[in-house]
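This is what each chain is made of:
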Amino acid sequence: MINIDEMQRGLKWLISFRVIFSIILIFSTLVFSTNESLPFDARPFVAVYFLSLFMLILSVFYGLLFKKFSSNPLFAYFQLTVDSLTVSCIIFITGGFHSIFTFIYLVVIIAASMLLYQKGSLIVATLCSLQYGILIDLEYYGFISPLVTNGRLAAQVEWNYIIYRIVIVMAACFAVAVLSGFISLQAKVAKRELKLMQDHLKRVERMATMGELAAGMAHEIKNPLASLSGS
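Residues numbered from 1 in each chain as written. Predicted model: local features only at pLDDT ≥ 70, side-chain atom pairs only at ≥ 80, totals over all residues. Heavy atoms only, no water.

(A) Layout of the overall build of the chain. Helix and strand content of the chain: 6 helices and 0 strands. The secondary structure elements of the chain, listed N-terminal to C-terminal, are α-α-α-α-α-α. Of all 231 residues assigned to the chain, the portion counted as buried reaches 33%. Considering only contacts in the chain between residues 6 or more positions apart, those separated by 24 or more positions represent 74%. Roughly 14600 Å² of accessible area belongs to the chain as shown, and the carbon and sulfur atoms make up 72% of that amount. (Helix = DSSP H or I, 4+ residues; strand = E, 2+ residues; numbered from the N terminus. Buried < 20%, exposed > 50% of the residue type's maximum accessible area, 1.4 Å probe, protein only. Contact = heavy atoms within 4.5 Å. Areas by Shrake-Rupley, 256 points an atom, 1.4 Å probe, with all protein chains shown as cover.)

Next comes the structure, spelled out in structure tokens:
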């Protein structure tokens with residue numbers, strides 16, 4: 001069962017992280033182009049700028065809709081699906097099969113496990129795996145060509161190595177989904193048990209307070225009764 005309050009807190013962090021990531025992506029691209037003496041308006045860089053701007057606009061859009069839809073798990077699923085598509089775009093821009101940013105899929109999967117537990121992380125892992133497989137297949141058969149490339153993929157890499165890479169990425173996605181989902185579930189159980197212990201401790205403290213009050217009242221009543229009995 002999804003905890004709505006925890007999901008809403010997680011969505012706030014996710015939106016904030018997306019804004020920070022977009023800003024870092026823009027400035028890191030500018031710094032890289034400057035250090036390498038490359039034109040900042042080169043085709044790959046322009047694509048990164050537009051993608052970052054798109055992520056910022058999406059974050060503002062999510063913020064405006066947060067109060068109305070944050071209690072609906074579909075709102076979280078929608079954001080994570082768009083994030084996985086954004087990661088696919090980043091991989092395509094930065095070299096496709098040769099891109100070093102494949103690991104960002106794992107970040108999206110971990111975010112899904114924090115918001116939607118193991119079921120959500122497995123769904124997002126499936127989406128990421130399918131997107132990566134389709135992206136590499138299209139690149140291999142020449143239907144698409146990454147913005148940063150040194151030629152056709154089929155002429156550079158053997159097909160068995162490509163299948164090996166796809167299988168490794170898919171296995172990593174599902175392994176992270178299972179492990180992060182399990183950890184999130186254990187954290188949820190631990191929080192529930194901690195809350196029960198806190199409630200029990202509060203009840204014990206109230207009972208102890210009432211016992212002390214009753215003992216004090218009995219002592220105050222006992223003293224006059226003892227005096228009267230002695231008289």
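Further notes follow.
(B) Region of the structure containing the environment of Ala171. The topology assignment puts Ala171 in helix H6 (residues 159–230). For the pair Ala171 and Ser129, spaced 42 residues apart in sequence, the C-alpha separation works out to 8.6 Å.

(C) Seen up close, the packing of helix H3 (residues 73–93) against helix H4 (residues 104–140). H4 packs onto H3 with a crossing angle of 40 degrees between their chain directions and a minimal axis gap of 9 Å. The hand of the H3/H4 crossing is right-handed. Classifying every residue of the contact of H3 with H4 gives 21 nonpolar, 5 polar and 2 charged. (Axes fitted to C-alpha atoms, helices over the stretch in contact; angles between N-to-C directions. Left-handed = near helix turned anticlockwise from the far one by under 90°. Nonpolar A, V, L, I, M, F, W, Y, C, P; charged D, E, K, R; others polar.)

(D) Focus on unusual backbone geometry. Phi at Tyr117 takes a positive value of approximately 60 degrees, unusual for a residue other than glycine. Mapped onto the fold, Tyr117 is located in helix H4.

(E) Up close: the nonpolar core. Leu11, Leu80, Leu115, Tyr132 and Ile162 are the most contacted members of the largest nonpolar core, which has 37 residues in total. For this core, the secondary-structure elements that each account for two or more residues are helix H1 (4–35), helix H2 (43–69), H3, H4 and H6. Counting residues per element, this core draws most heavily on H4, which supplies 15 residues. Ranked by size, the runner-up nonpolar core spans 6 residues in total, among them Ala47, Val48, Ile90 and Ile93. (Core = buried A, V, L, I, M, F, W, Y, C linked by side-chain atoms within 4.5 Å.)

(F) Fine view of the packing of aromatic side chains. Enumeration according to the criterion identifies 10 aromatic pairs in this entry. Counting every residue linked through ring pairs, the aromatic cluster contains Phe61, Tyr62, Phe69, Phe75 and Phe78. (Phe/Tyr/Trp six-rings, centres within 6.5 Å; stacked < 30°, edge-to-face > 60°.)

(G) A nonpolar patch on the surface, seen in detail. A surface patch of nonpolar side chains, about 560 Å² in accessible area, is lined by Leu130, Ile134, Leu138, Tyr141 and Phe143. As for its position among the elements, Ile134 is in helix H4. (Patch = residues over 30% accessible without salt bridge, like charges linked within 9 Å, V, L, I, M, F, W, Y side chains within 5 Å. Salt bridge = Lys/Arg side-chain N within 4 Å of Asp/Glu carboxyl O.)

(H) Broad picture of H4. The terminal C-alpha atoms of H4, which comprises 37 residues, lie only 22 Å apart, well short of the 54 Å expected from a rise of 1.5 Å per residue. Of all the bends found along H4, the most pronounced is centred on Leu116 and spans about 140 degrees. In the segment just after H4, Gly142 is the residue with positive phi, at about 80 degrees. (Expected span 1.5 Å × (residues − 1). Bend = angle between axes of the 7 residues up to and from the residue.)

(I) The arrangement of the pattern of salt bridges in detail. A full pass over the atoms with the stated rule returns 2 salt bridges. Between Arg18 and Asp83 there is a salt bridge, with its nearest N and O atoms 2.8 Å apart. On the criterion of sequence distance, the pair formed by Arg18 in helix H1 and Asp83 in helix H3 is long-range, its members being 65 residues apart. You can call Arg18 buried: its relative accessible area is 3%. Under the relative-accessibility criterion, Asp83 is labelled buried at 12%.

(J) Here's a closer look at the side chain of Ser52. For Ser52, the position within the fold is in helix H2. Among all residues touching Ser52, those that are not within four sequence positions of it are Ser22, Leu25 and Ile26.

(K) Looking closely at the environment of Ile136. Along the chain, Ile136 turns up in helix H4. Overall, the relative accessible area of 0% leaves Ile136 in the buried class. A C-alpha to C-alpha distance of 9.9 Å links Ile136 and His98, two positions 38 residues apart in sequence. Not counting residues up to four positions away in its chain, the partners in contact with Ile136 are Gly96, Phe97, Leu153, Ile162 and Ile166.

(L) Here's a closer look at the environment of Val87. By the element assignment, Val87 lies in helix H3. Counting along the chain gives 15 residues from Val87 to Thr102, while the straight-line C-alpha distance between them is 7.8 Å. Not counting chain neighbours up to four residues away, the residues in contact with Val87 comprise Phe101, Ile104, Tyr105 and Val108.

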